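# Chain and residue survey
For reference, the chains in residue letters:
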Amino acid sequence: MRRAAAGEVPIVHTERTRTGPVMLPLDSGQIESPHAVASTLLSLARGGATGLLRLEWEGSLLELGLLRGVLVGARDNLRENQLGERLLRQGKITHAQLMQVNERVVAGERVAEAVVTMGVCDALEALTIIEEQVRERLARALAWSHGSLRFIADEPAVHRLAVETYDLQAEI
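Predicted model only: the values in this text are computed from it and were never measured. (Residues numbered from 1 in each chain as written. Predicted model: local features only at pLDDT ≥ 70, side-chain atom pairs only at ≥ 80, totals over all residues. Heavy atoms only, no water.)

## Quick notes on the overall build of the protein chain
Put simply, the rule is: What counts as a helix is a DSSP run of H or I of at least four residues, what counts as a strand is a run of E of at least two, and both are numbered from the N terminus. Partly exposed residues are those whose accessible area sits between 20% and 50% of the maximum for their type, while under 20% is buried and over 50% is exposed, using a 1.4 Å probe and protein chains only. Contacts between residues were defined by any pair of non-hydrogen atoms, one from each residue, lying within 4.5 Å. To measure how exposed things are, a 1.4 Å probe is used in the Shrake-Rupley method; for residues, cover is taken only from the protein chains shown.
Within the protein chain, the regular secondary structure consists of 7 helices and 7 strands. The secondary structure elements of the protein chain, listed N-terminal to C-terminal, are β-β-β-α-β-β-β-α-α-α-α-β-α-α. Sorting the 172 residues of the protein chain into buried and exposed places 41% on the buried side. Taking the contacts inside the protein chain whose residues are at least 6 apart along the sequence as the reference set, 62% of them involve residues at least 24 apart. When the accessible surface of the protein chain is totalled, it reaches about 9,400 Å², and 51% of it is carbon and sulfur.

In C-alpha coordinates form, the structure reads like this:
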(Lines give C-alpha, C1' and ligand atoms only; values in the text may rest on other atoms or scores of the structure.)
Protein backbone atom coordinates (compact mmCIF):
# COMPACT_ATOMS: atom_id res chain seq x y z
CA MET A 1 0.00 0.00 0.00
CA ARG A 2 1.43 3.39 -0.95
CA ARG A 3 1.65 6.23 1.55
CA ALA A 4 -0.13 9.52 0.95
CA ALA A 5 1.99 12.48 -0.11
CA ALA A 6 1.70 15.79 1.73
CA GLY A 7 -1.71 17.35 1.09
CA GLU A 8 -3.13 14.12 -0.31
CA VAL A 9 -5.91 12.06 1.21
CA PRO A 10 -4.54 8.76 2.59
CA ILE A 11 -5.27 5.66 0.54
CA VAL A 12 -6.80 2.73 2.37
CA HIS A 13 -7.21 0.03 -0.28
CA THR A 14 -7.08 -0.82 -3.96
CA GLU A 15 -10.23 -1.90 -5.78
CA ARG A 16 -10.41 -3.56 -9.18
CA THR A 17 -12.72 -1.93 -11.74
CA ARG A 18 -13.39 -2.46 -15.43
CA THR A 19 -10.49 -0.10 -16.24
CA GLY A 20 -8.03 -1.73 -13.84
CA PRO A 21 -6.98 -1.23 -10.22
CA VAL A 22 -8.00 2.02 -8.56
CA MET A 23 -6.76 3.42 -5.27
CA LEU A 24 -9.76 4.48 -3.21
CA PRO A 25 -9.41 7.09 -0.47
CA LEU A 26 -10.22 6.66 3.19
CA ASP A 27 -13.73 7.74 4.04
CA SER A 28 -12.38 10.94 5.62
CA GLY A 29 -9.30 13.13 5.76
CA GLN A 30 -7.92 16.64 5.91
CA ILE A 31 -7.70 18.91 2.89
CA GLU A 32 -4.27 20.50 2.75
CA SER A 33 -4.25 21.43 -0.93
CA PRO A 34 -6.67 21.56 -3.88
CA HIS A 35 -4.87 18.45 -5.15
CA ALA A 36 -6.43 16.45 -2.29
CA VAL A 37 -9.96 17.19 -3.50
CA ALA A 38 -9.14 16.58 -7.16
CA SER A 39 -7.35 13.29 -6.53
CA THR A 40 -10.14 12.08 -4.24
CA LEU A 41 -12.83 12.92 -6.81
CA LEU A 42 -10.86 11.27 -9.58
CA SER A 43 -10.31 8.12 -7.50
CA LEU A 44 -14.01 7.97 -6.61
CA ALA A 45 -14.98 8.49 -10.26
CA ARG A 46 -12.58 5.83 -11.54
CA GLY A 47 -13.69 3.46 -8.81
CA GLY A 48 -17.35 3.88 -9.74
CA ALA A 49 -18.25 5.08 -6.24
CA THR A 50 -21.80 5.97 -5.20
CA GLY A 51 -22.30 8.40 -2.36
CA LEU A 52 -21.67 11.93 -1.14
CA LEU A 53 -18.29 13.60 -0.93
CA ARG A 54 -18.71 16.09 1.91
CA LEU A 55 -16.29 19.02 2.23
CA GLU A 56 -16.34 21.21 5.36
CA TRP A 57 -14.35 24.25 6.42
CA GLU A 58 -15.15 27.03 8.91
CA GLY A 59 -18.91 26.52 8.72
CA SER A 60 -19.01 26.08 4.95
CA LEU A 61 -20.41 22.79 3.70
CA LEU A 62 -20.32 21.50 0.14
CA GLU A 63 -21.54 18.06 -0.94
CA LEU A 64 -20.97 16.41 -4.30
CA GLY A 65 -23.17 13.45 -5.21
CA LEU A 66 -21.64 10.62 -7.22
CA LEU A 67 -23.62 7.78 -8.78
CA ARG A 68 -21.38 4.96 -10.07
CA GLY A 69 -18.54 7.48 -10.34
CA VAL A 70 -20.50 10.17 -12.18
CA LEU A 71 -21.22 13.54 -10.59
CA VAL A 72 -25.00 13.90 -10.57
CA GLY A 73 -25.59 16.81 -8.20
CA ALA A 74 -24.15 19.19 -5.64
CA ARG A 75 -25.35 21.33 -2.78
CA ASP A 76 -23.93 23.72 -0.25
CA ASN A 77 -25.07 25.77 2.70
CA LEU A 78 -24.37 29.19 1.21
CA ARG A 79 -27.58 31.18 0.85
CA GLU A 80 -26.39 33.07 -2.24
CA ASN A 81 -26.02 29.77 -4.11
CA GLN A 82 -29.59 28.61 -3.57
CA LEU A 83 -31.86 28.44 -6.60
CA GLY A 84 -34.48 30.84 -5.24
CA GLU A 85 -31.86 33.44 -4.28
CA ARG A 86 -30.28 33.15 -7.71
CA LEU A 87 -33.65 33.69 -9.44
CA LEU A 88 -34.26 36.74 -7.20
CA ARG A 89 -30.85 38.24 -8.13
CA GLN A 90 -31.58 37.62 -11.81
CA GLY A 91 -34.90 39.46 -11.47
CA LYS A 92 -36.93 36.37 -12.45
CA ILE A 93 -38.90 36.33 -9.20
CA THR A 94 -40.00 38.90 -6.67
CA HIS A 95 -39.34 38.82 -2.96
CA ALA A 96 -42.99 37.80 -2.41
CA GLN A 97 -42.61 34.91 -4.87
CA LEU A 98 -39.42 33.81 -3.11
CA MET A 99 -41.35 33.69 0.16
CA GLN A 100 -44.02 31.54 -1.56
CA VAL A 101 -41.30 29.22 -2.86
CA ASN A 102 -39.83 28.92 0.64
CA GLU A 103 -43.27 28.04 2.06
CA ARG A 104 -43.67 25.31 -0.55
CA VAL A 105 -40.21 23.95 0.24
CA VAL A 106 -41.08 23.78 3.95
CA ALA A 107 -44.14 21.77 2.91
CA GLY A 108 -41.85 19.24 1.18
CA GLU A 109 -41.65 20.45 -2.41
CA ARG A 110 -38.26 20.89 -4.11
CA VAL A 111 -37.34 24.45 -5.11
CA ALA A 112 -37.18 23.66 -8.83
CA GLU A 113 -40.60 21.97 -8.69
CA ALA A 114 -42.05 24.96 -6.87
CA VAL A 115 -40.79 27.58 -9.34
CA VAL A 116 -41.94 25.53 -12.32
CA THR A 117 -45.37 24.88 -10.77
CA MET A 118 -45.71 28.59 -9.96
CA GLY A 119 -44.87 29.46 -13.58
CA VAL A 120 -41.75 31.43 -12.63
CA CYS A 121 -39.72 29.49 -15.21
CA ASP A 122 -40.12 26.38 -17.31
CA ALA A 123 -38.53 23.02 -16.49
CA LEU A 124 -35.70 23.41 -19.01
CA GLU A 125 -34.73 26.81 -17.62
CA ALA A 126 -34.78 25.46 -14.04
CA LEU A 127 -32.63 22.47 -15.06
CA THR A 128 -30.16 24.74 -16.87
CA ILE A 129 -29.75 26.91 -13.75
CA ILE A 130 -29.31 23.85 -11.53
CA GLU A 131 -26.68 22.38 -13.87
CA GLU A 132 -24.87 25.72 -13.76
CA GLN A 133 -24.95 25.57 -9.95
CA VAL A 134 -23.43 22.07 -10.03
CA ARG A 135 -20.59 23.24 -12.30
CA GLU A 136 -19.91 26.24 -10.04
CA ARG A 137 -19.93 24.07 -6.92
CA LEU A 138 -17.56 21.56 -8.54
CA ALA A 139 -15.18 24.39 -9.46
CA ARG A 140 -15.33 25.70 -5.88
CA ALA A 141 -14.68 22.22 -4.48
CA LEU A 142 -11.63 21.80 -6.69
CA ALA A 143 -10.24 25.09 -5.32
CA TRP A 144 -10.58 24.13 -1.62
CA SER A 145 -7.21 24.02 0.08
CA HIS A 146 -8.28 23.68 3.74
CA GLY A 147 -10.83 21.77 5.76
CA SER A 148 -11.93 18.19 5.88
CA LEU A 149 -13.52 15.77 3.47
CA ARG A 150 -15.52 12.65 4.04
CA PHE A 151 -17.05 10.19 1.60
CA ILE A 152 -20.40 8.76 2.68
CA ALA A 153 -21.74 5.78 0.73
CA ASP A 154 -25.44 6.73 0.61
CA GLU A 155 -27.21 5.95 -2.67
CA PRO A 156 -30.67 7.24 -1.59
CA ALA A 157 -29.12 10.62 -0.66
CA VAL A 158 -27.44 10.79 -4.07
CA HIS A 159 -30.74 10.07 -5.84
CA ARG A 160 -32.38 12.91 -3.90
CA LEU A 161 -29.56 15.22 -4.96
CA ALA A 162 -29.32 14.04 -8.57
CA VAL A 163 -30.06 16.51 -11.32
CA GLU A 164 -28.47 15.51 -14.58
CA THR A 165 -25.43 13.35 -15.10
CA TYR A 166 -22.26 15.34 -15.41
CA ASP A 167 -19.05 13.82 -16.75
CA LEU A 168 -16.61 14.40 -13.87
CA GLN A 169 -13.64 12.76 -15.55
CA ALA A 170 -13.97 15.12 -18.53
CA GLU A 171 -13.91 18.12 -16.15
CA ILE A 172 -10.84 16.99 -14.19
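## Comments concerning helix α3 (residues 95-106)
Put simply, the rule reads: Working rule for helices: expected span equals 1.5 Å times residues minus one.
Relative to the 16 Å expected for 12 residues at 1.5 Å per residue, α3 spans 17 Å between its end C-alpha atoms, a close match to the ideal helical length. Directly after α3, the chain includes Gly108, whose backbone phi takes a positive value near 110°.

## Comments concerning the pattern of salt bridges
Which entries qualify depends on this criterion: Note on definitions: salt bridges are taken to be side-chain nitrogens of Lys or Arg within 4 Å of carboxyl oxygens of Asp or Glu.
Going through the model one piece at a time under the given rule, you end up with 9 salt bridges. When the shortest N-O distance is used, the salt bridge between Glu63 and Arg54 registers 2.8 Å. Here Glu63 falls in the buried class, since its relative accessible area comes to 5%. In this structure, Asp76 and Arg137 form a salt bridge, with 3.2 Å as the shortest nitrogen-oxygen distance. Taken as a pair, Asp76 in strand β6 (residues 70-76) and Arg137 in helix α5 (residues 123-143) lie far apart in primary sequence, 61 residues in all. Note on accessibility: Asp76 and Arg137 belong to one class, buried. Each of Arg54, Glu56, Glu63 and Arg75 takes part in salt bridges that share partners, so that together they form one network.

## Side note on the confidence of the model for the protein chain
Just so we agree on the cut-off: Each residue gets a pLDDT score, which is the predictor's confidence in that residue and runs from 0 to 100.
Residue-level pLDDT values for the protein chain average 78, and 76% of them are 70 or greater. pLDDT under 50 marks residues 1-24. Its contacts with residues more than four places away, or in other chains, come to 50 contacts. Across residues 164-172, where pLDDT falls below 50, the model places 25 contacts with residues more than four positions away in sequence or in other chains.

## Some words on the nonpolar core
What counts here: Take the buried residues of types Ala, Val, Leu, Ile, Met, Phe, Trp, Tyr and Cys, join any two whose side-chain atoms come within 4.5 Å, and each joined set is a nonpolar core.
Counting residues in hydrophobic clusters, the biggest one holds 18 residues, and the most contacted among them are Val37, Leu41, Leu53, Leu55 and Leu64. For this core, the secondary-structure elements that each account for two or more residues are α1 (34-46), β4 (51-57), β5 (60-67), β6, α5 and β7 (148-152). Sequence-distant contacts of Leu53, defined by excluding residues within four places in its chain, comprise Thr40, Leu41, Leu44, Leu62, Glu63, Leu64, Leu149, Arg150 and Phe151. In this structure, Leu83, Val101, Val120 and Cys121 belong to the second largest nonpolar core, which totals 12 residues.

## Section: the environment of Glu103
With respect to the helices, strands and loops of the structure, Glu103 is situated in helix α3. Look at Glu103 and you get exposed, because its relative accessible area is 55%. Between the alpha carbons of Glu103 and Ala114 there is a distance of 9.5 Å; along the sequence they are 11 residues apart.

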